Structure formats: structure tokens, C-alpha cells
2 protein chains.
Amino acid sequence: MARPTPLSGFPEWLPGERIVEQHVLDTLRRVYELHGFASLETRAVEPIDQLLRKGEIDKEVYVLRRLHAEDGDAGLGLHFDLTVPFARYVLERAGHLAFPFRRYQIQKVWRGERPQDGRYREFTQADIDVVDRDTLAFHHEVDLPLVVLEAFEQLPFPPMVMHVNNRKLAEGFYRAVGADDPSVVLRAIDKLDKIGPEKVRAQLAETGLSATAIDACLGLAEITTPDASFADRVRGLGVRDPLLDEGVDELVRVLDAAVTRAPGRLVADLKVARGLDYYTGTVYETVMTGHEDLGSVCSGGRYDALASDGKTTYPGVGVSIGVSRILGRLLKTGSVVSSRSVPTAVLVAVDDEESRSVSDDVARALRRRGIPTEVAPSAAKFGKQIRHADRRGIPWVWFPGDSTVKDLRTGGQTAADPAAWTPPLEDLTPCITEEKPS
Amino acid sequence: MARPTPLSGFPEWLPGERIVEQHVLDTLRRVYELHGFASLETRAVEPIDQLLRKGEIDKEVYVLRRLHAEDGDAGLGLHFDLTVPFARYVLERAGHLAFPFRRYQIQKVWRGERPQDGRYREFTQADIDVVDRDTLAFHHEVDLPLVVLEAFEQLPFPPMVMHVNNRKLAEGFYRAVGADDPSVVLRAIDKLDKIGPEKVRAQLAETGLSATAIDACLGLAEITTPDASFADRVRGLGVRDPLLDEGVDELVRVLDAAVTRAPGRLVADLKVARGLDYYTGTVYETVMTGHEDLGSVCSGGRYDALASDGKTTYPGVGVSIGVSRILGRLLKTGSVVSSRSVPTAVLVAVDDEESRSVSDDVARALRRRGIPTEVAPSAAKFGKQIRHADRRGIPWVWFPGDSTVKDLRTGGQTAADPAAWTPPLEDLTPCITEEKPS
């Protein structure tokens, strides 16, 4: 077999990079579980007709076929997000779930897109959602972004800033200035950053909106504040509407909470639209400082009907983190690194093959106290055994012959008892650090 | 959307079952990392020609096609095990890896099989392997099964017993009694449990083997011992061969280590064949006591050529645990259960919606000390809030009004300070217990 080459769009990490990814996923899990979110995994496949219900992204779906099946396609495709499977799971298992149901879900998803920077064909998403039956209390729209921001603060990432808007605010405003179909305005405003205000203005004019109305819509889109002061600026535009007022009040509650609980990490940004039609309240987008070109790395919102079986409707609010998109960038640029490529904290040297069991005993004594330990694979010269550790970033080497342990970072070597010695706590796991660009 | 129904062969767990699965996977990970195995994940897809190299299982492969691609199949299929992708990864990344390379890999795999009890179309495997360049020291064949057995001892499973044989022993023996192609004998012996000794005898007679030789082969297959005493019984059969002797010596080393380090959990079983041709040394199979009908739930062996690029060959030894097969059985029969369906240890009650922020503050204080905490979703009557906790198995409910905390199991309620109170350590995570059948 010739040496294979990587498949474009299907990222795979080296062991040290995988340790960074594990650290990120472990941190997300820890914070989510601290807030009482239950883990969920759904199967990788869904019936194709379910995957195509949203129409817009049908050509990205990977369809499955059994190689030698006579019946052609199995009627199954790989999921392209975690929202469609979650909605299906909630309907299927509703009788076994307790509502409101808080779940997180960290899994791979697949899209047959053309690979490019920050876009993969296989990538990991980390979603959290709260879903309830019939009605969902508003406070979840305040709580959810704060959980995600709490997780980001514990991760070796550049500062994440969440941009938040409210669909009621936008739709109420657009209707009040004369838009028959506010979703058309929303989609035009969504392109502001990409095509600029003049082209957006032209698009809006085509919909029959008056010049005054267009000025008002663009004025609204300009408003962004780090606190609830956006409300005064909206009122200053002189548009009055009950739905607009409701949206403003909701967004004020989100900002008021964020100012104390996640200062500097959440802003009201009234041009945030999110393309997807099913959002009905607060919507979230997140920019990674210094990597604005990646677009939103963490998005979501409130939806009144995540799922419905005709009798019962399940409203929810959810946010999805594009873990691979973030890590792809930070690992490629070397912005986050692990101090070692293995979990091992101690390598136990081997004097000669006859006494390997002595080294095994030392290793067992260390492991019993939770210290990740390897035994040297061969009784090579000690210099070679030390290089074995050094090449992997293993900080400590144990010599059973004279029962000493050597710190490879300082070169210091001291006598130690395998039944009692413990390395500094921070050596037990690899150290993940953010490298500041110099 | 009508209520969907489950897809046969694609298991999905309820939240409480998922907590059991997380506990199992966390335990495997902890033990593997204690022994210095690095985590690895490979992409879900491989080029179809790579997946088909082993011939025998081609019809089980799921092939991918982009729904609207003009070019038909993308030439990719879903991996059906973790060995093929690992071998490809080693070749592809050899220049970036440090050998011997110890990795574990816990991922889903897919097979288009007809679903039946214990057989899934999507399931989770947990593999560990050690792979080296050119040569691999024998002691890894002793170490690896002990790592896996150490993990099993910490899991809420019925006793696992590993059955071990050695390919050199078997092949040397079969050749010495006159078999030209020992793999033919191996495949016949592999069917012993299924078709019985008489039919195996008939199959072996067809290969031209003498009656005496067949008696010897069946005599070898009968030998199973919990220690190294199998060696005397093999010698008692009167067959002499250098490869046989080498195999016996190797298997003795495995048994000698296991007798002290995993007593009662590993037996020499000289009928263990493992179907796959690429094994060349120790081979492993594992039976879950009381669930023998599942077949082997953890298998593997030594292979001299896991991968080769023509210049360099990579020998290895590995074992794969069928996590879904084990859990499917134990969860279905209710043999392993979680004390709760959420990670939450404390539910903070809400007096009324106006004072929700008081409850939020209590929750924050508890989480700061690592206590998974939820705030009640609505300011319902306390009875209803308590039922919310009870239904999920949350053990503690906090009442911010009078700053008391109630143990739902005993009914006891005491005054507590959110900045200082901590539940018993064992309440911090769900308790996973093995239910003994009554």
C-alpha cells in the first residue's frame, strides 16, 4: 500500500492536537453538566425525506447505499446538523423524556460541501438546547447564552463576543415601517456585511419599501451596544409597534443579565438576522476576536416549533458551537498547543529486559494513585529512554535501579518512593496553552 | 410530522442510559490514559478500495453519494471497524508519530448487516493498539490484555473472561502433524463451538489429514487452563516443533503475568482461532459471564503487518471492545442503571418569577464549587418543583427563601449556606449500579 494522502475536507488531528480537542470538549461537557444539561447522542443517519424538509441545503447531504444491496439506496443520509436529529428524537421519545428537557450533544456532522478554509465535509458540533412542551419560559433565552459564554471563558480561545438580536424586535419594526413580508427585509439586512448598505438599499427598494422606511431599517441595523442602551436608540427612530416593544423588552433582559454575568462578551447587534426562518425570538451569533473572517463560530436562537407531531408542539432555544471551525483555525496557526502528545506523566525506565517486572511494579504503584505512567518499551541505553520521554513531552522519568525520578525540564533528579511520590498536580494532565502571536 | 419510529439496527439511548454509556466510556478512557495510551479519532470515511482490501466483508460497507452530485459515488464508504482507518492513519502520518505508538480510539462504526440481537448497523467500538516500526517487542502482547482486564474490573459488568491462544502454537502444531495449510485447520477448529467435533472431524478428513493427526488437533483444541499448566498438556500430546515451542513459551508468559495481575480473568484456550488471517501471535477473545450467547465482546491479537508502505512495515497488537454489544444487552435487561437521568445534583427552587435571580445566585455559588445545579424552570408550587427533581432522580432541592436544602431520599431538610454547603461526594455524579437479577 502506497503512502496515503489526506482527504480534503475531512480533518484529522495528530495526537497532540487531539489532546487540545479533548480539553475543549471536556471543558464544554463539564460546564454544560454543571448547568444540568444531559448528554445525548443520536444515530448518524436520518431518513432522507426528513433531512430534505428544510429544502435549502439538499445538495449537501451524503446519501448512503449498501455496496451490494439490490434495493439501491437505503433511504438514509448522514445528518448535516444536530438540530434535525434532536427534533426527531424529541418526537420519537417524548413519552420517555421529562420536560423542559435540557440536553447537550457533541457529535460529528457531514456536509458534501466544497471544502475551503473553515468549511469541512466532516466536522464536530457542540449543541445545547432547552426544549419544552407547548410553551417555553423566556428566561431560558437569557440563561442559554450565559452558559456558553461561561464555557468560552474557560477555554484557551481568543475572546468570543456574542452578537444578539431579537426576531420580534426586527419583525415588529419592519412591519411597522411598511414591509409586508419582514423575512424579505431580514434576508437583505443579513447581507449587509457582505455587500454593503448601498446594495442592500437597492434590494429593499425593489420590494417597494419607501426611502424613509429603508432609512429606518438601515438605521436600526447600525445599532450595536454593549448594554441595554440600544433600547433608547431604537425608540429614537420613532417607530412604534407592540411586537417591536416586546422584542426590545426581551433583548433588554438578555443584555441586563450579560452586563453583570459576562461583561464585555455579549452585545446587542440589531443587524444580526440568522438566515433560518424558524427563529422566533432571541437570535445569537458569535465572533472570535481576530478571526472575524471565519464568520459566526457559535449561533442559534429561539424557535417556537422545534418539532410538532400535530397534537403537541415543542418550542426551544438552542446554540451550536462549530468546534472544528474554531480548532481548525487555532491548531493550524499554532495558537493553542499541548505540552505533550501523550497522557503520560511518568516514563519508568527499564534497566534490562530481565528486570522489566520491577519497572512494571513501579508503574502500577504510580497508576494506583492516578498518575498516568508508561514503562519504557525497551531496555535501551538510558539516554535513549530519556529521549523517548522527551520527544513526547513526558515531564518525568523514573529510574527503578536507584529509585530516583528525574524532571526533564529542570534536569533535577531526586530519590523517591513509588508508593508515595506524586508529581505536581499540574503535571498529571497535559498543559494546554494559548500561544500569543509575537 | 407524524411521530417517527426507531430505525432497526441504529440504537439510541435515553438520557439515563446515555449516562451509563458515558460512565463506561469515561472509565475506559481513564484506564487507557493511565497506561499512556493517546486518544485518536479518524474520519468516518475511507476510500472504498481501502475498505474492500479485506474482501470478505465487502457487502457490509455503506457507500456515500452526494445527493445532487453529477459524479455519482464520491468513492468513499463508512468505516466498518477502527483497524483499517488506524492502519491508514499510521502510514499517512508516520513521519509525525513517535514509535512505538500507543493509541486508543473510541468511535462509531457502521455495517450494513441485517440487524439482530447484539448486531447493529451503527455501533461504538473501543480499541487500543500498540504499533511499532519494523519490530514490536513481545511484552506488549502480555501488557495489552491486562490493561483491558483492569478496565473491565472497574466497570459495572458481569465478570469478563478473556480466552487466549497463540497463532505460532497452533500453526506449529498443525504443520507438525501434517497439515500443509494450517489456516484451513484453524478455520475448521474455529467452528467447533458451532458445529461440534464430529463435523469438524469430517471437514478435516476432507483436507487429507490422517485420523491420528485429526485426533491430535481436536485434542489440542480441548485444552483450556486458568494458568500455564496448558504447556504440560500440550507436551503430553507428543508433538514437537520449534514454532510450536515458541508459541507455547509466549502463551506461558501471558498466563504467568495474568495469574498474579488478573486472577480468574484470563484463561489459555487452545481452540480460540479468530477468523482473520493477519494475526501472527497471541490472539484474544472475551466472554461476558452469563451472556455467552453474545459471542466474543472483546477481541484482538498480534499482527506482524498492521500496515506497510513497501519500505517500512508496522507490526502491532490490539484489542477491540464491542461497547454497543455489551451495553445493548445490559441496558435492555436493566442489568445496569443510573440513579438519575441528568447530571444535576441540586435543583434550586424558585419562590416567584420576580426573585428568580436569587435562585440563580444560589446556583452560581454551588456550581463554583463543582456541584451540578439547575434552577427550577418555573415558580410552580413547591410540590411540583420537588416532583421535577424527583422525576429526574435529582437528590437535593434547595429552597432559597429560608436557605434550606432537602434530601429527597430521606426527606430531611436542614439550613445551609450556598457558599459553603456541599453534598456527599458520591452525590456529585449519578450513581451507576449493577442490578443483580433477583
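Residues numbered from 1 in each chain as written. Chains lettered and ligands numbered in written order. Predicted model: local features only at pLDDT ≥ 70, side-chain atom pairs only at ≥ 80, totals over all residues. Heavy atoms only, no water.

(A) Main features of the relation of the copies chain A and chain B. Superposition of chain A onto chain B requires a rotation of 180 degrees combined with a translation of 0.0 Å along the rotation axis, giving an RMSD of 0.0 Å. On the angle and the small slide along the axis, the relation comes out as a two-fold axis. When each C-alpha of chain A is compared by its distance to the rotation axis, leucine 64 of chain A comes out closest, at 2.5 Å. Both copies share a contact surface, since 100% of the interface residues of chain A are interface residues in chain B too. (Least-squares fit on C-alpha atoms with pLDDT ≥ 70 in both. Contact = heavy atoms within 4.5 Å.)

(B) Highlighting the sheet that holds strand β8 (residues 224-225) of chain A. All names here are of chain A. Spatially, β1-β5-β6-β12-β11-β10-β7-β9-β8 is the arrangement adopted by the nine strands of the open sheet, whose pairing is mixed. In this open sheet, the two edge strands, each paired with only one partner strand, are β1 (38-39) and β8. Pairing geometry for strand β11 (residues 298-308) and strand β12 (residues 313-322), over eight bridges, is antiparallel. Bridge assignment links glycine 300 to a residue of β12, and that residue is valine 319. Relative to β12, helix α4 (residues 139-153) is tilted by about 20 degrees, and along the sheet it contacts β5 (101-110), β6 (122-131), β7 (160-166), β9 (266-269), β10 (279-288), β11 and β12. (Pairing = 2+ DSSP bridges. Helix = DSSP H or I, 4+ residues; strand = E, 2+ residues; numbered from the N terminus. Axes fitted to C-alpha atoms, helices over the stretch in contact; angles between N-to-C directions.)

(C) Molecular detail of the sheet that holds strand β1 (residues 38-39) of chain B. Residue and element names in this part refer to chain B. Strand order across the open sheet formed by nine strands is β1-β5-β6-β12-β11-β10-β7-β9-β8, with mixed pairing between neighbours. One side of each edge strand has no neighbouring strand; the edge strands of this open sheet are β1 and β8 (224-225). One ladder, built from three bridges, connects strand β7 (residues 160-166) with strand β9 (residues 266-269); its direction is parallel. If you follow histidine 163 over to β9, its bridge partner there is valine 267. Contacts from helix α1 (residues 15-34) reach β5 (101-110), β6 (122-131) and β12 (313-322), with the element oriented near 5 degrees to β6. Together, β7 and β10 (279-288) form the strand contacts of helix α5 (residues 167-176), whose direction differs from that of β7 by roughly 45 degrees.

(D) Broad picture of the interface of chain A and chain B. At the interface, 89 residues of chain A touch 89 residues of chain B. Counting each side, the surface lost to burial between chain A and chain B is near 8,000 Å², with a carbon and sulfur contribution of 55%. In this assembly, chain A and chain B are joined by nine salt bridges. The closest approach of N and O atoms between glutamate 41 of chain B and arginine 18 of chain A, which form a salt bridge, is 3.6 Å. Summed over the shared surface of chain A and chain B, the result is 42 residue pairs in polar contact (both at pLDDT 80 or more). The element that contributes the greatest number of residues to the side of chain A that touches chain B is helix α1 (residues 15-34) of chain A, accounting for seven residues. Looking at side-chain class alone, the side of chain A that touches chain B contains 38 nonpolar, 20 polar and 31 charged residues. (Buried area = accessible area lost by both parts, 1.4 Å probe. Salt bridge = Lys/Arg side-chain N within 4 Å of Asp/Glu carboxyl O. Polar contact = N/O pair within 3.5 Å; in protein donor to acceptor, adjacent residues only side chain to side chain. Nonpolar A, V, L, I, M, F, W, Y, C, P; charged D, E, K, R; others polar.)

(E) Spatial organisation of a positive patch on the surface. Together, Arg133 of chain A together with Lys384, Arg387 and Arg391 of chain B line one region of the surface with positive charge. Mapping arginine 133 of chain A onto the fold places it in the loop between β6 and α4. Look at arginine 133 of chain A and you get partly exposed, because its relative accessible area is 39%. (Patch = residues over 30% accessible without salt bridge, like charges linked within 9 Å, V, L, I, M, F, W, Y side chains within 5 Å. Areas by Shrake-Rupley, 256 points an atom, 1.4 Å probe, with all protein chains shown as cover. Lys, Arg positive; Asp, Glu negative; His and termini not counted. Charge placed at Lys NZ, Arg CZ, Asp CG, Glu CD. Buried < 20%, exposed > 50% of the residue type's maximum accessible area, 1.4 Å probe, protein only.)

(F) Representation of the domain arrangement of chain A within the structure. Residue and element names in this part refer to chain A. In terms of domains, chain A is made up of domain 1 (15-337) and domain 2 (346-434). One C-alpha centre belongs to domain 1, the other to domain 2, and the line joining them spans 47 Å. On the domain 2 side, the residues contacting the nine residues of domain 1 number five residues. Summed over both sides, the interface of domain 1 with domain 2 buries roughly 550 Å², with 63% coming from carbon and sulfur. Among the residues domain 1 hides against domain 2, the three largest losses belong to Ile19, Pro156 and Val337. Together they make up 57% of the total. The tally of links from domain 1 across to domain 2 stands at zero salt bridges. At the boundary of domain 1 with domain 2, the tally comes to one residue pair in polar contact (both at pLDDT 80 or more). Elements supplying a minimum of two residues to the side of domain 1 that touches domain 2: α1 and β13 (336-338). Broken down by element, the residue count for the side of domain 1 that touches domain 2 peaks at three residues, all from α1. Grouping the constituent residues of the side of domain 1 that touches domain 2 by class yields seven nonpolar, two polar and no charged. (Domains from an automatic or database assignment.)

(G) Structural detail: empty space enclosed by the protein. By the definition in use, this model includes eight cavities of 30 Å³ or more. A volume near 870 Å³ is recorded for the largest cavity. Lining the largest cavity are 38 residues, with Arg18, Glu41 and Ile106 of chain A together with Glu41 and Ile106 of chain B sitting closest to its centre. Its residues assigned to classes, the lining of the largest cavity comprises twelve nonpolar, 13 polar and 13 charged. (1 Å grid on protein atoms, 1.4 Å probe; cavity = no way out; pocket = protein on both sides within 12 Å on 5 of 7 lines; lining within 4 Å. Points joined across faces, edges and corners; volume = space filled by probe spheres on them.)

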